[in-house]
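# Topology and contacts: notes
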Amino acid sequence: MAIDDPVRGSADTPEASAAAEKRSTWSALRPLVLRLHFYAGILIAPLLLVAATSGLLYALSFQAEKIVYSHELTTDVGERKLPLDSQVAAARKAHPEGTVTAVWPSADDGATTRVLMSSPEVEEGKSLAVFVDPYTAEIRGELPSYGSSGALPLRTWIDELHRDLHLGDLGRNYSELAASWLWVVALGGLLLWIGRKRASKRALLVPERGAKGRRRTLSWHGSVGLWAVAGLVLLSATGLTWSKYAGENIGAVQDQLGGATPVVSATLDGAAAGGGEHEGHGDGGHGGAHQGADIGIDNAVAAAAGVGVEGRISVILPADGSGYVVKETDATFPVHLDSVAIDPADARIMDELRFADYPLLAKLTRFGIDAHMGVLFGLVNQLVLAALMVALIMLIVWGYRMWWQRRPTRDRQSGAGDDAGTPSGGSFRFGRPVPRGAWRRVPVTAMMPLAAVTVLVGWFVPMLGISLLVFLAVDIALGLVARARRRSPAA
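Since we're looking at a predicted model, the values are computed, not measured. (Residues numbered from 1 in each chain as written. Predicted model: local features only at pLDDT ≥ 70, side-chain atom pairs only at ≥ 80, totals over all residues. Heavy atoms only, no water.)

## With respect to helix H5 (residues 169–194)
One turn of the α-helix equals 3.6 residues, which is why residues spaced by three or four share an orientation. Convention followed: Per the convention used, a helix needs a DSSP run of H or I reaching at least four residues, while a strand needs a run of E reaching at least two, with both numbered from the N terminus. Expected span of a helix: the number of residues minus one, times 1.5 Å. What we call the bend at a residue is the angle made by axes fitted to the seven residues finishing there and the seven residues starting there.
Taking 1.5 Å of rise per residue, the 26 residues of H5 would be expected to cover 38 Å, and the 39 Å separating its terminal C-alpha atoms lies within 8% of that figure. Bending of H5 peaks at approximately 25° at the position of tryptophan 181.

Encoded structure:
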């Protein structure tokens, strides 16, 4: 008998045999993928829901900052801008207790200059940002600022909520666990949705018309997930680069492949400079006062402009043993992220670093992180992030709804199918889990490589591996309990 297969010819042809084997392998793997997707969705979804909600708020916080802090960020346009030295002097006069570490000159008409200080007024890891009117040197306000992006209190609070729930290192476990599972759940769902039989290809891309009940929910869950999967996997991968455990492994691999982010050398003796993305932002890297001749910040900026480092920039002031560092900060694609180190004694260019000279892996990492943060494509990037977060929230809601619609009810026990609407008068028990023992159906030739890959990924992404072992242990324990109940004599 010929196999009912799209491949033409008899079942004895090589093409038909290969197609049948492929279909048989997927038929064996599908219950295993479904069970993993089910349990991960049920147990990890609350963490993903928190991450998605806080991520949505973060995507909107860029525009919210412009409204909330408009007084500090903007001013009336004057005839000409004062020298940066005068603006910095005004900030020092307003806050003599602080030490100026960096300056963000006004880049647009009507924008204020931001003078960053290490100050006892702000907590460790943050800077005091003093906003100076570039036309009058009037102090427009001061706010705590965090990181190389200059996040102000509103965005910083949301960012910390997204990253660690304001619980410090303990809270980081939540975000790493969510990021570790997001790509697994997304790719597993993609396999299940693509491998599902359907009457037309249109039903793969858009929700099915006329569907009801669980089938309608599944249609929305699958089609929206298909459109969102690439973005979710990217967010998961870039999010893991910030994580504690997987992030260390990713950083080690990146270093081994020569993809570490280079840093311009600013030490006066020519040795390699330290620092990184947050250099000069309240981390103590440039907290000391520079002793000796100093050309001044205006001459340093002019020297940097002479070699093409200009526009939207930050200027890190010299400390003992180091010179000025002028960095382009325009991360909007196409990015302008060149940097240059300048000798404070004579304006000599000590070192240059062009973004074009970054290793390819370092460039891709930078693009991915900036896209995750919503700055790579500006407002468009932020809107896409917001849409992805809304999609993820809805995917979680639809997933739980399908679980609820799978619950045992009197209507179903009397013959109603899964495609029926939610029955009235039903039980409030949880939905049925996917049956155990799915792994036994997987051929050894597929199971062995799958197990090896799982062990490798679990080692590289520790929170995924540990939680997977916990899931497995709980599942085995529940299976033993269920078996014992079946074997026990009826009361």
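## A few points about the pairing of strand S2 (residues 113–118)
Quick note on the threshold: Partly exposed residues are those whose accessible area sits between 20% and 50% of the maximum for their type, while under 20% is buried and over 50% is exposed, using a 1.4 Å probe and protein chains only. The criterion for strand pairing is that DSSP finds at least two bridges linking the strands in question.
Of all the six residues making up S2, five are buried; the element is thus mostly covered by neighbouring parts of the structure. Sheet analysis places S2 next to strand S3 (residues 127–132), joined by five bridges and oriented antiparallel. When the bridges of S3 are listed, valine 115 appears paired with valine 130.

## Section: the UniProt feature "transmembrane region" (unreviewed entry) in the protein chain
Rules: UniProt positions are given in the numbering used here, feature names are shortened, and annotations may be inferred rather than shown by experiment.
The residues that UniProt annotates with the feature "transmembrane region" (unreviewed entry) are residues 36–60, 178–196, 217–237, 383–403, 442–460 and 466–484. Within the segment residues 217–237, helix and strand shares are 100% and 0% respectively, and the terminal C-alpha atoms sit 28 Å apart. Note that residues 466–484 is 100% helix and 0% strand, and that its end C-alpha atoms are spaced 27 Å apart.

## Concerning the sheet that holds strand S7 (residues 339–342)
Put simply, the rule reads: Axis definition: a line fitted to C-alpha atoms, over the contacting stretch in the case of helices. Angles run 0 to 180 degrees between N-to-C directions.
If you walk across this open sheet you meet the eight strands as S4-S3-S2-S1-S5-S6-S7-S8, and the pairing is antiparallel. Looking at strand neighbours, the two that pair on one side only are strand S4 (139–145) and strand S8 (349–353), the edges of this open sheet. For this sheet, the mean inter-axis angle between neighbouring strands, taken without regard to orientation, is 20°. Pairing geometry for S3 and S4, over six bridges, is antiparallel. Bridge assignment links leucine 128 to a residue of S4, and that residue is proline 144.

## With respect to the pattern of salt bridges
Quick reminder of the rule: Basic side-chain nitrogens of Lys or Arg form a salt bridge, by our definition, when they fall within 4 Å of a carboxyl oxygen of Asp or Glu.
The full count for this structure, using the stated rule, is 11 salt bridges. For aspartate 343, the salt bridge identified is with arginine 348, shortest N-O distance 3.1 Å. Residue classification places aspartate 343 among the buried residues on the basis of a relative accessible area of 11%. A residue is classified by how much of its surface remains accessible, and arginine 348, at 41% relative accessible area, is partly exposed. The shortest N-O distance in the salt bridge between arginine 354 and glutamate 352 comes to 2.6 Å. The structure contains a network of salt bridges with shared partners spanning Glu123, Lys126 and Glu160.

## Quick word on the packing of aromatic side chains
In plain terms, the rule: Each Phe, Tyr or Trp ring, with Trp reduced to its six-membered ring, pairs with another whose centre is within 6.5 Å; inter-plane angles below 30 degrees give stacked pairs, above 60 give edge-to-face pairs, and intermediate values give tilted ones. Each ring is checked for a lysine NZ or an arginine CZ that lies within 6 Å of its centre and within 35 degrees of its normal; such an atom marks a charge sitting over the ring.
Taken as a whole and assessed by the stated rule, the structure comprises 11 aromatic pairs. Where tyrosine 58 meets phenylalanine 62, the ring centres are 5.4 Å apart and the plane angle is 80°; that geometry is what we call edge-to-face. Note that tyrosine 58 and phenylalanine 62 are positioned in helix H1 (residues 14–68) at a spacing of four residues, about one turn of the helix. Of the two residues examined, tyrosine 58 and phenylalanine 62, each falls in the buried class. Look at tyrosine 400 and tryptophan 403: their rings are 6.1 Å apart centre to centre, the planes differ by 50°, and that puts the pair in the tilted class. With tyrosine 400 and tryptophan 403 both in helix H11 (residues 378–405) and three residues apart, the pair spans about one turn of that helix. For tyrosine 400, a relative accessible area of 27% puts it in the partly exposed group. One aromatic cluster is present, built from ring pairs that chain together Phe333, Phe355, Tyr358, Phe367 and Phe377. Directly above the ring of phenylalanine 355 sits lysine 363, whose terminal nitrogen or CZ lies 6.0 Å from the centroid.

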